[in-house]
Amino acid sequence: MQQSENSRQKLASLVIFRGLLKDPAVSAFRELLAGENLPMLERTEKAAELSHLLLEAGQSWSGYLLQRALWDENPYVTGKAAGKEFSASLETALGAELVILEELGSITPEMLGVSLPLGWQTEALDFAAAYSRQLARIGEAGYGIFARHHMFLLGEEALIPVVHPDSVTLEGLTGYTEERQAVIDNTVALLEGRPAANVLLYGDSGTGKSTCVKAVANSLREKGLRLIELRKDQLGQIPLLIDRLSGNPLKFILFIDDLSFTGESDHFSSLKAILEGSVSARTANMVIYATSNRRHLVRETFSQRDGDDVHIRDTLEELGSLSERFGLTITFLRPDRKLYLEIVERYCIRHNLVFDEAMAQRAEAYALSRGGRSARTARQFIENAASRLSANEEEPV
């Protein structure tokens with residue numbers, strides 16, 4: 001059929017958006033176009049596969065194709081994001097390819113001679129206008145995987161998107177208002193291009209240090225904030241991350257949870273160099289946020305004090321001063337009774353439980369049995385109480 005042949009040629013001619021050819025749905029569409037001489041059964045199966053992929057995505061064929069074009073990481077969008085100007089001929093080529101994608105997105109199964117009980121849907125969308133809007137807010141929307149996700153783990157060779165990140169928000173947190181505001185203010189400074197500090201969130205276990213960082217990342221994602229979590233043994237990869245992300249218009253938090261070192265750790269020197277701003281150690285679009293239960297990040301033993309290092313005092317001072325190399329240290333202390341019960345009450349509201357004196361007493365008893373008050377203890381107590389209530393059991397004591 002002429003429709004299939006024309007569409008195949010247009011799809012094959014893509015240069016700027018050539019990466020779209022690797023997309024599963026686009027590949028299925030391409031196979032359908034190439035199978036015009038196949039038996040109807042095989043063509044129907046290929047069309048059904050494409051419909052299935054679109055159904056999984058919850059999108060029309062037009063909307064799916066447009067979204068993938070907006071997400072596509074290609075030389076044009078990366079160059080534009082870095083402030084590069086392109087020739088008129090390349091700009092014309094971009095417009096032509098967007099027209100091609102818009103035309104392909106309007107093709108229905110019937111136009112290809114296939115009838116399905118549940119075929120894919122199409123809609124009228126202006127690809128060129130949508131792409132122009134995306135470029136205008138590239139510093140907030142991002143491109144590539146950063147347009148699709150806002151939290152990542154550092155893998156062996158690439159960033160791994162967190163598909164289902166913790167959904168905690170700033171509005172859902174109770175207590176530690178001043179501490180949290182300090183993190184917010186520093187992050188907003190980063191987003192606005194003002195000087196921002198590397199931050200150490202120090203304090204007792206369960207006080208919400210990591211939760212605070214994740215809530216900030218969730219709440220400011222639409223402003224162009226992305227979070228990359230890495231392990232202590234991956235600190236040496238930070239310079240490579242910086243090289244990759246330095247030209248990206250988005251802003252990044254490099255997040256290290258539960259940070260501490262032994263005196264012999266090789267990773268200590270890596271972090272020290274990064275915090276001191278060595279060559280390739282910092283760019284204006286990223287900061288390091290670390291949490292720790294230890295004010296001094298290096299575990300120091302008595303045997304180290306009696307070691308054979310000629311300049312032992314200098315060595316210990318260097319180890320002990322690592323936390324001072326963070327530009328901002330925010331302390332999260334264990335909550336007193338008043339704050340602890342405020343947090344319990346907030347969780348009660350969230351779980352539709354009655355907060356009264358009896359509940360407060362049980363919460364206190366639960367905290368005592370768990371080694372002390374904390375935001376984590378409050379959450380665990382209420383979740384346990386809600387679970388028992390739903391099972392028609394009594395709350396824990």
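Predicted model only: the values in this text are computed from it and were never measured.

Caption draft 1: How the structure looks around the overall build of the protein. Scanning the protein from terminus to terminus reveals 18 helices and nine strands. Going through the 397 residues of the protein one by one, you find that 47% of them count as buried. Sequence-distant contacts, at least 24 apart, represent 76% of the contacts inside the protein between residues at least 6 apart. Counting only carbon and sulfur atoms, one obtains 50% of the accessible surface of the protein, whose full area is about 20100 Å².

Caption draft 2: Main features of the pattern of salt bridges. Under the criterion given, the structure shown has twelve salt bridges. We note a salt bridge from E5 to R8, for which the minimum N-O separation is 3.6 Å. Of the two residues, E5 and R8 are both situated in helix α1 (residues 2–12); the distance of three residues between them amounts to about one turn of the helix. Classification of E5 as partly exposed rests on a relative accessible area of 28%. Across the salt bridge formed by R221 and E222, the nearest N and O atoms sit 4.0 Å from each other. Residue classification places R221 among the partly exposed residues on the basis of a relative accessible area of 30%. E222 sits in the exposed class, given a relative accessible area of 53%. In this structure, a network of salt bridges that share partners links the residues R337, E364 and R373.

Caption draft 3: Geometry of the packing of α1 against helix α2 (residues 24–34). Following both chains from N to C, one finds α1 and α2 inclined at 135 degrees, their axes separated by 9 Å at the closest point. By the angle class used here, α1 and α2 are oblique. In this structure, α1 meets α2 at a crossing whose hand is left-handed. Here S4, S7, R8 and L11 of α1 lie close against α2, whose contacting residues are V26, F29, R30, L33 and A34.

Caption draft 4: Unusual backbone geometry, seen in detail. The phi dihedral of Y176 falls on the positive side, at around 55 degrees, and the residue is not glycine. Topologically, Y176 is positioned in the loop between β2 (159–161) and α10 (177–191). Given a relative accessible area of 7%, Y176 falls into the buried group. Phi angles above zero are rare outside glycine, and D258 is one such case at about 55 degrees. With respect to the helices and strands, the residue D258 is situated in the loop between β5 (251–256) and β6 (261–262). In this structure D258 comes out as exposed when scored by relative accessible area, which is 53%.

Caption draft 5: View of the sheet that holds strand β7 (residues 286–292). Read from one edge to the other, the open sheet built from seven strands follows the order β2-β1-β4-β5-β7-β3-β9, with strand pairing classed as mixed. Both outer strands of the open sheet, β2 and β9 (328–332), are each paired with one neighbouring strand and no more. Across the sheet, the mean angle from the axis of one strand to that of its neighbour is 25 degrees, orientation sign disregarded. With four bridges connecting them, strand β3 (residues 199–203) and β7 associate as parallel partners. Bridged to L200 within β7 is A290.

What counts and how
For every chain, the first residue of its written sequence is number 1, and the numbers climb from 1 along that sequence. This being a predicted model, a pLDDT of at least 70 is required before a residue's local features are given, and a value of 80 or more before pairs of side-chain atoms are given or counted; all residues contribute to the totals for chains, interfaces and linings. Side-chain measures here rest on the full set of heavy atoms in the structure, leaving out hydrogens and waters. Numbering of helices and strands runs from the N terminus, with a helix taken as a DSSP run of H or I at least four residues long and a strand as a DSSP run of E at least two residues long. The buried label goes to any residue with under 20% of its type's maximum accessible area, the exposed label to any with over 50%, and the partly exposed label to all in between, with areas taken from a 1.4 Å probe on protein chains only. Only heavy atoms enter the contact rule, under which two residues are in contact if any of them lie within 4.5 Å. Where accessible areas are quoted, they stem from the Shrake-Rupley method and a 1.4 Å probe; at the residue level, only the protein chains shown are allowed to cover. Each salt bridge in this description consists of a side-chain nitrogen of Lys or Arg and a carboxyl oxygen of Asp or Glu lying within 4 Å of one another. The convention used is that axes are lines fitted to C-alpha atoms, helices contributing only their stretch in contact, and that angles between N-to-C directions extend from 0 to 180 degrees. Oblique is the label for every angle not falling under 35 degrees (roughly parallel), over 145 degrees (roughly antiparallel), or within 65 to 115 degrees (roughly perpendicular). What makes a crossing left-handed is the near helix being turned counterclockwise from the far one by less than a right angle; a clockwise turn instead makes it right-handed. Pairing between two strands is assigned when DSSP locates at least 2 bridges connecting them.

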